[in-house]
Amino acid sequence: MNGTYILVLKLNSGKNIKVGALKKIKFERGFYCYVGSAIGNVTIESRCRRHLKKKKALRWHIDYLRKEVEIVEIFAIPSKRKKECEIAKRILRKADNFIPKFGSSDCNCKSHLFYFKNKKSLSKLSSIFSRGIRIYQKV
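Attention here is on the structure that accompanies the text. (Residues numbered from 1 in each chain as written. Predicted model: local features only at pLDDT ≥ 70, side-chain atom pairs only at ≥ 80, totals over all residues. Heavy atoms only, no water.)

Since one α-helical turn is 3.6 residues long, residues separated by three or four positions face the same way. Among the residues of helix α3 (residues 84-94), E84, I87, A88 and I91 are the ones counted as buried. Angularly, the buried residues of α3 cover 100° about the axis, an arc narrow enough to put them on a single face. Contacts from the buried residues of α3 go to β1 (3-11), β4 (30-38), β5 (70-78), β7 (113-116) and α5 (126-129). (Buried < 20%, exposed > 50% of the residue type's maximum accessible area, 1.4 Å probe, protein only. Helix = DSSP H or I, 4+ residues; strand = E, 2+ residues; numbered from the N terminus. Arc of directions from axis to C-beta. Contact = heavy atoms within 4.5 Å.)

Structure, rendered in structure tokens:
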């Protein structure tokens, strides 16, 4: 399946994390939503399998953060065209904060990584999540 996906990440304690060319970033305890896409020969399933692995070559910004967080859910929004930026802009309007330039070096978005301080705050995304398919949930 092609389209856009949202990784829901949990960080149990605040910490400074080196994120490639972005250098060290201070991450607060809470939840983060990362928006990515898989169009063409790459599928959402294969991209998300890679994200679920903790040990891998560090290629994208999310790979650096992934070493420190747990993925608690993944939502897929099937599409033949790239909707990553459109969804990122919608999430930005509901987020408590965002990490500037994270995951968005190939577009004009402010970010593709958004911060939510707790589950109640994260629930503001229910209308976005309901349009997707939950393809992973940590038990």
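Strand order in the open sheet made by the 6 strands is β6-β7-β4-β1-β5-β8, with antiparallel pairing throughout. Of all strands in the sheet, those bounded by a partner on one side alone are β6 (97-98) and β8 (133-137). Summarising the sheet, β6 and β7 pair through 2 bridges and their orientation is antiparallel. In the strand pairing of β7, N97 is matched with Y115. On the sheet, helix α1 (residues 44-52) packs against β1, β4, β5 and β8 and is oriented at approximately 20° with respect to β1. (Pairing = 2+ DSSP bridges. Axes fitted to C-alpha atoms, helices over the stretch in contact; angles between N-to-C directions.)

Turning to α1, its buried residues are I44, R47, C48 and H51. Angularly, the buried residues of α1 cover 95° about the axis, an arc narrow enough to put them on a single face. Where α1 is buried, its residues contact β1, β4, α2 (61-66), β5 and β8.

Another aspect to go through is the pairing of β1. Of all 9 residues in β1, 8 are buried, a share of seventy percent or more. Looking at chain direction, β1 and β4 are connected through 9 bridges and run antiparallel. Within the sheet, the bridge partner assigned to V8 lies in β4 and is C33. Here 8 bridges tie β1 to β5, and the two strands are oriented antiparallel to one another. For I6, the partnering residue across the bridge sits in β5 and is F75.

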